[in-house]
Amino acid sequence: MKRGMIDFWVGLFAVAGAAALLFLAIKVSSQSTLPATSTYAVTANFENIGGLKVRAPVKSAGVVVGRVTGIELDPNLYVARVTLALDARYHFSRDSSAQILTSGLLGEQYIGLEPGADDKNLEAGGRITITSSAVVLEQLISRFLFSKAETAGEQTPTEHAQ
Amino acid sequence: MTNVLVRFFARLGAPLTGAIIKLGFACRFFLAILRHSPTSLLRFQLTMREIWFAGVLSVLIIAVSGLFVGMVLALQGYETLVRFGSSSALGILVSLSLVRELGPVVGALLFASRAGSAITAEIGLMKATEQLAAMEMMAVNPIARVVAPKFWGGVLSMPLLAAMFSAMGIFGGYLIGVQMLGLDPGSFWSQMQASVDFRGDVLNGVIKSVFFGVAISLIAVFEGYDAPPTAEGVSRATTRTVVTSALVILALDFVLTAFMFTGM
Amino acid sequence: MPNPVVRFDGVRFAYGETDILRDVSLSVVPGQVVAIMGGSGSGKTTLLRLIGGQLRANAGRVEVDGEDMATLSESALYERRKKLGMLFQFGALFTDLSVFDNVAFPLRERTDLPESMVRDLVLMKLQAVGLRGAAKLMPAELSGGMARRVALARAIALDPRVMLYDEPFTGLDPISLSTIGSLIRELNDALGAASIVVTHDVAESLAIVDYVYFLAEGRVIAEGTPDSVRESAHPFVRQFVGGEKDGPLPFHKPAGPYATDLGLEDGRHD
């Protein structure tokens, strides 16, 4: 193999490798972690966060506007304190509400932000006061079964009558 | 009775001490390579040849294997996902498993058997035919002239090959998922893009393949340099390169995965 | 008598527990071609490696050009090796380089000569061994004798002061054999170097060398000029030069009684 040919093939190899990496970077993946400079942090307390994880998305109207950056238990109130890093481009009113939602039936959990009507916006370090907890599937099912049992108990005689 | 015990432990201990001594030699050898790397890398032409030898010549097997692995992943994954009505997540399944695990690991296994064995055989034969000794007598250090370029050729080739493996695999998954099974190409790509993180998944995969590249290249050059200068010695060293590399890759993968994807 | 370029003084060398060289003293002066003869495994190749500094003596001094090889640092050792040329048993040509590049190798690696100068030097060296026409061939395309001549051209590329030959006659046909033999002599005289030929080929080497050392069991057991060696009454030299099977160097490796080993009763077979 001539030296020039080796150079040629190695060059081609490097370009192909770089192209593969570029493909993985641009087409396959996305930069999910927002740059630290363009975010501001707010907190929200939840009674129950269910399966919410750090780095879970924060969405408003379905658009990702931030990430969950911290989850801890408030030792006094025994509620979960969740820290959210929100994109600095977006501002939300002080009376916005946060709820923990699930994408699909078994999908990952994320935080949905519902904007309110207040004139003033949430500042960095602010707190979202109106929150609703995660829907825990077990509780949902047991509630459903209880109500089913109740209605079944009421309905049995009627069925007999038919 | 004690005699039997003594012999039992001696038999147990002999390969163990042998292995530890060998590990020590490998470490010293690694340091020697690093010491001679600057002079050797300055003459990049030498490393170029080794990249051609280890990298370019492995492209075909890596690309074809990647394509097939991706296609099989898509077929198998589709069978399972469609039962839960989430066949649109096929892109995520294929891309995540390739980028995180299969690309670096299977790519490295193929690289070890294709290029690692060739490196060992070449160095072993150079030693057996006294080419290395001849070089030393010509006042040319064989570690700087032969070993270090081969080492760096392998180290530089591995991440590129792993990326090609993953890219080809995802393309194979696209062929099966979208072209054959009729998934929507838009949701295939966008779902994939939404769930694969560049830093957490792609970059960690690349880091893994760099580690594997160092491990395979070191094992390959060491086994070659350490091989007894006979036909049998070289052939056994070649086999050892492939076997040891495979074990080290899998063990290293476990450790790296534990570091990267848990507890963050 | 000029100062010796290579001098061994009471050199002992052992691989682990086994002594290879016990007590070797010899000296070679410039212009001399010296043969070191001995049976297989008598430590001849070890001796060359000691001169090249690839091995270090356990005791005694190995001097090349007046300097003790054992005390040199690695870089000084590499500097010293520039003055040495070595022809390996089967040539040890780099199989991935052409004949031209093989001969150019030491010039490109060890000097900063411009490429045009390298080219001229390589062609000169190849001309000296009669293989200028083979410059473009690959080592695999050469016969054994040609490969060794190319290796010889490579070994003399840097005009060494000491040439070392490791079994230069092994496995050659009679014509190549005498070609190599006369090349060794001619090149030595042309370079004004000293040559050390390690061999067990008695006839060919006695024809070209100035002095012979016989090596057995790690010691120099006899030495002399070719003529005195031919006349020698020393039993080992007689055996070696005459090629007799049995002598001081026994055909049989020491072992217990043959009959016992075969499980036969003692005495029955006698």
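Residues numbered from 1 in each chain as written. Chains lettered and ligands numbered in written order. Predicted model: local features only at pLDDT ≥ 70, side-chain atom pairs only at ≥ 80, totals over all residues. Heavy atoms only, no water.

(A) Layout of the overall build of chain A. Looking only at helices and strands, chain A features 2 helices and 8 strands. Seen in sequence order, chain A has helices and strands lined up from the N terminus as α-β-β-β-β-β-β-β-β-α. Counting only residues that meet the buried cut, chain A has 30% of its 162 residues in that class. Intrachain contacts of chain A at a sequence separation of at least 6 include 61% that bridge at least 24 residues. Surface accessibility of chain A: about 10300 Å² in total, with carbon and sulfur atoms responsible for 59%. (Helix = DSSP H or I, 4+ residues; strand = E, 2+ residues; numbered from the N terminus. Buried < 20%, exposed > 50% of the residue type's maximum accessible area, 1.4 Å probe, protein only. Contact = heavy atoms within 4.5 Å. Areas by Shrake-Rupley, 256 points an atom, 1.4 Å probe, with all protein chains shown as cover.)

(B) Inspection of the confidence of the model for chain C at higher detail. Summary statistics for chain C give a mean pLDDT of 82 and a share of 93% for residues scoring 70 or more. Among the scores for the predicted complex, ipTM is 0.82 and pTM is 0.78. (pLDDT = per-residue confidence, 0-100.)

(C) Here's a closer look at the pattern of salt bridges. Tallied over the entire structure, the rule returns 34 salt bridges over all chains. Here B:E223 and B:K22 are joined by a salt bridge, their closest N and O atoms 3.2 Å apart. With a gap of 201 residues between them, B:E223 in helix α8 (residues 198–226) and B:K22 in helix α1 (residues 2–42) connect regions that are remote in the sequence. Residue classification places B:K22 among the partly exposed residues on the basis of a relative accessible area of 24%. Where C:R61 meets C:D68, a salt bridge forms, and the shortest distance between an N and an O atom there is 3.6 Å. Residue classification places C:D68 among the buried positions, given a relative accessible area of 13%. In the salt-bridge network here, residues are joined through shared partners; they are B:R49, B:E50, B:E122, B:K150 and C:D96. (Salt bridge = Lys/Arg side-chain N within 4 Å of Asp/Glu carboxyl O.)

(D) Main features of the sheet that holds strand β3 (residues 63–73) of chain A. All names here are of chain A. What the 8 strands build is an open sheet, ordered β7-β1-β4-β3-β2-β6-β5-β8; its pairing is mixed. Sheet topology places β7 (127–128) and β8 (130–132) at the edges, where each strand pairs with a single neighbour. Summarising the sheet, strand β1 (residues 39–46) and β7 pair through 2 bridges and their orientation is parallel. Paired with A44 across the strands is I128, a residue of β7. (Pairing = 2+ DSSP bridges.)

(E) A look at the interface of chain A and chain B. Residue-level contacts link 25 residues of chain A with 28 residues of chain B. In this structure, the connection of chain A to chain B is made through 0 salt bridges. Linking chain A with chain B are 2 residue pairs in polar contact (both at pLDDT 80 or more). The class makeup of the residues in the side of chain A that touches chain B is 15 nonpolar, 6 polar and 4 charged. (Polar contact = N/O pair within 3.5 Å; in protein donor to acceptor, adjacent residues only side chain to side chain. Nonpolar A, V, L, I, M, F, W, Y, C, P; charged D, E, K, R; others polar.)

(F) Quick peek at the UniProt feature "domain: ABC transporter" (unreviewed entry) in chain C. When the UniProt feature table is mapped onto this chain numbering, "domain: ABC transporter" (unreviewed entry) sits at residues 6–242 of chain C. Its end C-alpha atoms 29 Å apart, residues 6–242 of chain C is made of 40% helix and 26% strand. (UniProt positions renumbered as here; feature names shortened; annotations may be inferred.)

(G) Spotlight on the packing of aromatic side chains. One pass over the structure, following the stated rule, counts 14 aromatic pairs over all chains. Among the aromatic side chains, those forming a connected cluster through ring pairs are A:F23, B:F171, B:Y174, B:F188 and B:W189. A cation over a ring is seen here: C:R81 above C:Y78, with NZ or CZ 5.0 Å from the ring centre. (Phe/Tyr/Trp six-rings, centres within 6.5 Å; stacked < 30°, edge-to-face > 60°. Lys NZ or Arg CZ within 6 Å of the ring centre and 35° of its normal.)

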